[in-house]
Structures are given as C-alpha cells and as structure tokens.
Amino acid sequence: MEYPRHSYWHDTAESIKNKTTKNVDLKNKKFDILIIGAGITGLTTAYLLKDCGFNIGVIEATNSGYGVTGYTTAKITIQHDLIYDNLINNFSLEEAKQYLKANEEGIKLIKKIINENNIQCDYKEQTAYVYAPSMDEVDDLKKELKAYEKLGIDGFYTDTVPLPNKAYGAIGVKAQGQFNPLKYLYNLYNILIDSNCQIYENVRALNITPHDEHVDVETERGTIHADKVIAASHYPFDNSFGLYFLRLYQEKAYVIAARTNEQPFEGMYININDPVHSMRYQFSDKEALLILAGGNHRSGEKDDENESYNELERFLKSSFKNPEIVSKWSTQDCMTYDKIPFIGRYTDSIDNLYVATGFKKWGMSHSAASALILKNKILCIEDDYSGVFNPSRFTPVQSSKEFVSSVKSIALGFLNRLAADLEGFSDVKPGEGKIVEYDGKKVGVYKNEAGEYFCINPVCSHLKCALSFNEAEKSWDCPCHGSRFDIKGNILEGPAVLPIDKIKIKMP
Ligand SMILES: Cc1cc2nc3c(=O)[nH]c(=O)nc-3n(C[C@H](O)[C@H](O)[C@H](O)COP(=O)(O)OP(=O)(O)OC[C@H]3O[C@@H](n4cnc5c(N)ncnc54)[C@H](O)[C@@H]3O)c2cc1C
C-alpha cells in the first residue's frame, strides 16, 4: 500500500498558514538581520528578534515547515535519551548545568509564546520517560537518575509504565510537553508576517560572504546584504568556513501515525539503545493518534530503507491490536560527534555570522534555546548557559569514537565514486534506481512504473560523494552529509545548494 509522503502534521496544519510573497527580486535587498531557513529554529529566532527593533528578513529554500520540523515527533523535553550522566562524566558538572538550563529556558519560551499569542497547537503537558526494554539496561537508568540528582532535575524512577510492550523500568520527568509542531510553526509564521517581517519562500541561499561590516548572501534571486546573518538551515550548507561538513553527520529515522484500538496512554516514551522506539499519542479535539518513531540509522548507509519501515510496522502490530496506519514518513537530523549542538557564532573569526544546528533529534527545546542564545549574542548580553554550545569548541576526546566511524562513511562515499555497482539499463526494474555504465560514464538511472527512464549524474553537488538510490523514498541520497535529490536531480534536502546534472540518453 502507498502512503502519502507528507506527514500527519502537514495534513492537519497547512490550512493555518497565510500566503507569502512570491517571485520578488531580492537583488541588493538590505536587512539588519537575515535568517536562512524557516523551520522552528529560524522562525523562533525571528520572533524573538522582531521585538528588538531589527528589520528582519527570512529566506527559505522550499516552504516553511518542509524541513525536519514538518516530520518530527515533537516532544518538548529536557530528557534527551540518556545524556546527563555522559555530560557530567565527559564534560563537567558546570557544562551539564548549562545544557540543562538552556533547554529549560527553551521550553519556558515555547510555553510563553503559546500563551502570549493564544496559539492553538494541541499543546499538552506530559511526563517524559526513557525506559529499559531489558533488565541489562536498568543500571543505565539508575546512573542517569543520579545525574538528575546532581543537576537538580526533578526526576523519578518507576517499575511500571503503561506501555503495551515490556519495560523493566523507566525514569520520568514531569511537566514536559508535546504539540502539533506545524500548528505552532505556522502560527509563528503568521505572527511574523503580520509584524512586517519579510519571509521569502522558494529562495535558496547559495553562498555566504562575510565582510567587516556586513554579510552578502547570494540567492537564486539576487544578492542580499545584511548586518548579521543567522544560518538556521538545519545543515550549514556553506563549506568555506567552520568545517561543518567534517563535524556533523545526519541520522535518519522513520515515523508512523496510527489509530489504535487501546485506550491511549499518557506520557511520552523512548527506550534505551537500538532498535529505538519512541512513542506518544497526539491528542486533538478529533482523535488520539499514536506517533511511533524509530529505525534510526546514519543517512545513506542502509541498503534497503523499506526494512526500517517494516521493522517499525512489525513492532506496531506486535504491540497494538489491529492498528490502522494513517500516514508514515521519514526525516533526518544533524548529529554532532560530542552530542552537543553548535549554537553561536559560525566561527570565532567572523563576528556577524551565526549558526544553530546539530540538535540530534532533540530540536524542539534546542531550537528555542538557540533563539535565546542567538538573541543574547546579537545584543551582546551575557548569559550563563550558552558556553557549552560554542560552535568553535574542540572536543577530540568526547568526539573520537563516532568521528572515526564517520570518517569511514565519508571515505566510502568518496570511494564509491570509483566502484559503482554497474548494471545494464535492462536490469533496472520499474520503481528501481541503479548506477549503470553508459558510454564509459556512470549514470544514475531510475525507471518509473510507466517504463520511463530518468538519468542523472550520481555525484552529490555538495562535496562530490557518490549518491546511492533510496528505494523507500525514491530519491538519490548522499551517505556523506545527507543531501537528497529527487529522480530528476532536484534538491529535496541540503546541505547541497545546487541540483545534480540530468543526463540525456537515447534509451535502449
Ligand atoms: C524522526 C525524528 C523525530 C524527531 N523528534 C523530535 C522530538 O520528539 N523532539 C525534539 O525535540 N526534536 C525531535 N527531532 C528533531 C527536530 O525535529 C529537529 O531538530 C528540528 O525540527 C530542526 O529544526 P530546524 O528549524 O533547525 O530545521 P528545519 O526544520 O529543517 O528547518 C531548516 C529550514 O532551512 C531551509 N534551508 C536549508 N538550506 C537552505 C538554503 N541553502 N537556503 C535557504 N533555506 C534553506 C530548509 O528548507 C528548512 O525549511 C526529531 C528529528 C527526527 C529526525
């Protein structure tokens, strides 16, 4: 059965969004602050800065809400898997406190924005739980609980969780939250438009050039000048500074929204270790839907992405009686090797360029924390929580294990350029994509159900890694940095800013 590729959030929120400016010439436009990306990070930051007297512009490569924010599971919590014991041991108590405080402040900000503007986004206070599906993992929970005590987090241990699958224990944190992320985002969008903030959709930033007093951002519709620029584009796409392409990787996960026949449980749950199963119900005035996520893997590394959906469906069907799948979708988030996001100045050597990325699937609280941190940086206000997120930090010890595995993946992406899986056109089945050799060159070929071929140069336009075909999403994906292209070579997701070349071939 084919499921729609858009998410449940798009289905339920799209009608809220007001129209935007179209096809405007942006040549020589000037802003005090230009924000690149209209996801939750970009728009929350614009929301905070709009009241400080700045003339703000936002450019968005596609449409607001079509980045990760439109495909998330939208738990708003400071409980980010098991993080605090790791932070205390591998960083310091002080840095763990900063991480916690930033996320607490972020959650307060989200609640404040909802209350101040009476935003109807199905916000619900919830207890967040991380649970152990096996006895072996209970000790890890207890260590994390000790870390909570050191940090003053009001957490608790419980042996009983109301999940249909077996759990041997869980730690909970009360007064966390959940919402419909796009109802929230599109309300922010409308508020910004009404406050004269200029949001331009379908405008991709291609290049960033910082100068002493301002920054130039080249776009498809002309070069914009701004005193300060914030890259809220999820993956920082410009490779000229900051070396983000070496310091970030993307991890993919899959989500199913389903009607179940059980009484919906309260609380938001995630287990320790793989396979990850994150669960919560989404309550609206119409119904309660289970939102189940999992199947995590590094982007571009799975041979058959359908298997991730299948694993999730198997889990769903074995845990709930006759569930009805409403929609399913996948998305990917940026991960840092030391597990702490990059929020602040893009690099130490450039004063007027900022970044917020690497939220490692905990971007609801982190995006709001980013908005606060970036506002403070721009207004030169000291705070006591941004230090740990400094994008210029150097943490080789905390980063090493994952970094080595990443270098292997990137190397493989580059090496695959030399060792493609060569097959003839006739071997490509309908609905399949393959690398074939044609006229001495490697060509990425997709054949649709009607038998038409779509050929592209299977090399990523970002940093020239070899692309591989993603059967589940019918896209060409980059294993190095997570860029994705459709079967015609158009960009689905950055960091790439250019499409890949189409290849014209006389078909066999
Ligand atoms: C499966 C999954 C589940 C998750 N669940 C949770 C959860 O329960 N709780 C939680 O806290 N977090 C969760 N996250 C993480 C969270 O969804 C993300 O971290 C967050 O949405 C990122 O928001 P963003 O605004 O930074 O990025 P995005 O929403 O991706 O926005 C960035 C925008 O920038 C635009 N852009 C990109 N390049 C350019 C360019 N060159 N020019 C102009 N615009 C550009 C994009 O089109 C996009 O719209 C989850 C992530 C995944 C993958």
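Residues numbered from 1 in each chain as written. Predicted model: local features only at pLDDT ≥ 70, side-chain atom pairs only at ≥ 80, totals over all residues.

Section: the overall build of the protein chain
Applied cut-off: What counts as a helix is a DSSP run of H or I of at least four residues, what counts as a strand is a run of E of at least two, and both are numbered from the N terminus. All radius of gyration figures rest on C-alpha atoms, and the globule criterion is 2.2 Å times the number of residues raised to 0.38. Whether a residue is buried, exposed or partly exposed follows from its count of other C-beta atoms within 10 Å of its own C-beta, namely 20 or more, 12 or fewer, or something in between, respectively; the C-beta atoms are built from the backbone. Note on contacts: residues are paired as contacts if their backbone-placed C-beta atoms lie within 7 Å.
Of regular secondary structure, the protein chain possesses 10 helices and 24 strands. Since a compact globule built from 508 residues should have a radius of gyration of about 23 Å, the 23 Å found for the protein chain is in line with a globular shape. The principal-axis extent of the C-alpha atoms belonging to the protein chain is close to 65 × 60 × 50 Å. Per-residue burial over the protein chain gives 47% buried out of 508 residues. Taking the intrachain contacts of the protein chain between residues at least 6 apart in sequence as the baseline, contacts between residues at least 24 apart amount to 70%.

Some details on the site of the ligand
The line we're drawing: Whether a residue is near a molecule or strand depends on its C-beta atom, placed from the backbone, lying within 6 Å of it. Each residue is assigned to one class: nonpolar for Ala, Val, Leu, Ile, Met, Phe, Trp, Tyr, Cys and Pro, charged for Asp, Glu, Lys and Arg, and polar for all the others, Gly among them. Note: domain ranges come from an automatic or database domain assignment.
Neighbouring the ligand are 40 residues; Gly37, Gly39, Gly67, Thr72 and Gly363 lie closest to it. Elements that contribute at least two residues to the shell around the ligand include exactly helix 2 (40–50), strand 2 (56–60), strand 11 (248–259), strand 15 (324–336) and helix 9 (363–378). For the shell around the ligand, the element with the highest residue contribution is helix 9, accounting for 4 residues. Here the residues of the shell around the ligand are counted per class, giving 18 nonpolar, 17 polar and 5 charged. Here the shell around the ligand spans two domains, and each of domain 1 (8–71 + 182–246 + 339–393) and domain 2 (122–175 + 248–336) adds at least three residues to it.

A few points about the sheet that holds strand 20 (residues 453–456)
To summarise the sheet geometry, strands pair through backbone hydrogen bonds and adopt either a parallel or an antiparallel arrangement. Heads up, the rule is: Strand pairing follows a simple DSSP-based rule, namely that at least 2 bridges must link the two strands. Angles here are taken between N-to-C directions and fall from 0 to 180 degrees, while the axes themselves are lines fitted to C-alpha atoms, restricted in helices to the stretch in contact.
Strand order in the open sheet formed by 3 strands is 18-19-20, and the pairing between neighbours is antiparallel. A strand with exactly one partner marks an edge of an open sheet, and here the two such strands are strand 18 (432–438) and strand 20. Strand-to-strand twist in this sheet, taken as the mean axis angle between neighbours without regard to direction, amounts to 30°.

What about unusual backbone geometry?
With omega at -10°, the peptide bond leading from Asp274 into Pro275 counts as cis. By secondary structure assignment, the location of Pro275 is in the loop between strand 12 (268–271) and strand 13 (277–283). The residue after Gly494, namely Pro495, is reached through a cis peptide bond having omega 15°. Assignment of secondary structure puts Pro495 in the segment after strand 24 (491–493). Positive phi is not limited to glycine here, since Asn196 has a value of about 65°. Examined against the element boundaries, Asn196 turns out to sit in the loop between helix 6 (181–194) and strand 7 (198–201). Non-glycine residue Asn202 carries a positive phi angle of around 55°. Its location among the elements puts Asn202 in the loop between strand 7 and strand 8 (205–210).

What about the nonpolar core?
To keep things clear, this is the line we draw: Core membership is restricted to buried Ala, Val, Leu, Ile, Met, Phe, Trp, Tyr and Cys residues, and these are joined into a nonpolar core through C-beta atoms within 7 Å.
Ranked by size, the top nonpolar core spans 107 residues in total, and within it Leu34, Ile36, Val229 and Leu292 carry the most contacts. Per-element tally for this core: the top contributor is helix 9, with 8 residues. The two domains that each donate at least three residues to this core are domain 1 (8–71 + 182–246 + 339–393) and domain 2 (122–175 + 248–336). For Val229, the contacting residues outside a window of four places in its chain are Leu34, Ile36, Ile208, Val215, Val217, Asn352 and Leu353. With 29 residues, the next largest nonpolar core counts Met335, Ala466, Ile491 and Val497 among its residues.

Details of the domain arrangement of the protein chain
The accessible area lost on association of the parts is a frequent measure of interface size. In terms of domain boundaries, the protein chain breaks down into domain 1 (8–71 + 182–246 + 339–393), domain 2 (122–175 + 248–336) and domain 3 (425–493). Computed over C-alpha atoms only, the centres of domain 1 and domain 2 are separated by 29 Å. Contacts between the two partners involve 18 residues from domain 1, matched on the other side by 15 residues from domain 2. Its residues placed into classes, the side of domain 1 that touches domain 2 shows 9 nonpolar, 4 polar and 5 charged.

Brief notes about helix 8 (residues 306–319)
Because each turn of an α-helix spans 3.6 residues, side chains separated by three or four positions end up pointing in the same direction. To keep it simple, the criterion reads: By this rule the span expected of a helix is its residue count minus one, scaled by 1.5 Å. To be clear, the arc concerns the directions from the helix axis to the C-beta atoms.
The terminal C-alpha atoms of helix 8 lie 20 Å apart, and with 14 residues this matches the ideal 20 Å at 1.5 Å per residue to within 8%. The complete set of buried residues in helix 8 reads Ser308, Tyr309, Leu312 and Leu316. The buried side chains of helix 8 occupy one side of the element, clustering within an arc of 100° when seen end-on. Turned more than 90 degrees from where helix 8 packs its buried face, Arg314 and Ser318 sit exposed. Where helix 8 is buried, its residues contact strand 11, strand 14 (288–298) and strand 15.

A look at the packing of helix 2 against helix 6
In plain terms, the rule: By the definition adopted for this analysis, an angle is roughly parallel if under 35 degrees, roughly antiparallel if over 145, roughly perpendicular if from 65 to 115, and oblique otherwise. For any helix crossing, the convention is left-handed if the near helix is rotated counterclockwise from the far helix by under a right angle, and right-handed if that rotation is clockwise.
Axis separation between helix 2 and helix 6 bottoms out at 10 Å; the angle between their running directions is 40°. As judged from the angle between their axes, helix 2 and helix 6 are oblique. Crossing handedness for the pair helix 2 and helix 6: left-handed. Listed contacts from helix 6 to Ile40, Leu43, Thr44, Ala46, Tyr47 and Lys50 of helix 2 are Pro181, Leu185, Leu188, Tyr189, Ile191 and Leu192.

Some words on the environment of Thr219
As for its placement among the helices and strands, Thr219 is situated in strand 9 (residues 215–219). On a C-alpha basis, the gap between Thr219 and Ile208 in space is 9.2 Å, while along the polypeptide they are 11 residues apart. Ignoring any residue separated from it by four or fewer positions in sequence, one finds Thr219 in contact with Leu26, Ile59, Val203, Arg204, Ala205, Leu206 and Ile224.

Points about the sheet that holds strand 23 (residues 484–485)
Read across the open sheet, the 4 strands follow the order 21-22-23-24; overall the sheet is antiparallel. In the strand order of this sheet, the two ends are held by strand 21 (468–470) and strand 24, each with one partner. With 2 bridges connecting them, strand 22 (residues 475–477) and strand 23 associate as antiparallel partners. If you follow Asp477 over to strand 23, its bridge partner there is Arg484.

Section: the environment of Leu246
Along the chain, the position of Leu246 falls in helix 7 (residues 244–247). Since 14 C-beta atoms lie within 10 Å of it, Leu246 is described here as partly exposed.

Brief notes about the environment of Ser370
In this fold, Ser370 is placed in helix 9. Taking the C-alpha atoms as reference, Ser370 lies 7.0 Å from Thr41; in sequence the two are 329 residues apart. In this structure, Ser370 is in contact with Thr41, Thr45, Ile343 and Ala356, ignoring residues within four places of it in sequence.

Section: the pairing of strand 10 (residues 222–231)
Relative to strand 10, strand 1 (residues 30–36) is paired through 6 bridges, and the arrangement is parallel. Within the sheet, the bridge partner assigned to Ile33 lies in strand 10 and is Lys228. Bridge count for strand 9 against strand 10 is 5 bridges, and the pairing is antiparallel. Directly across from Asp216, in strand 10, lies its bridge partner His225. Where strand 9 folds back onto strand 10 in an antiparallel hairpin, the turn is made up of 2 residues.

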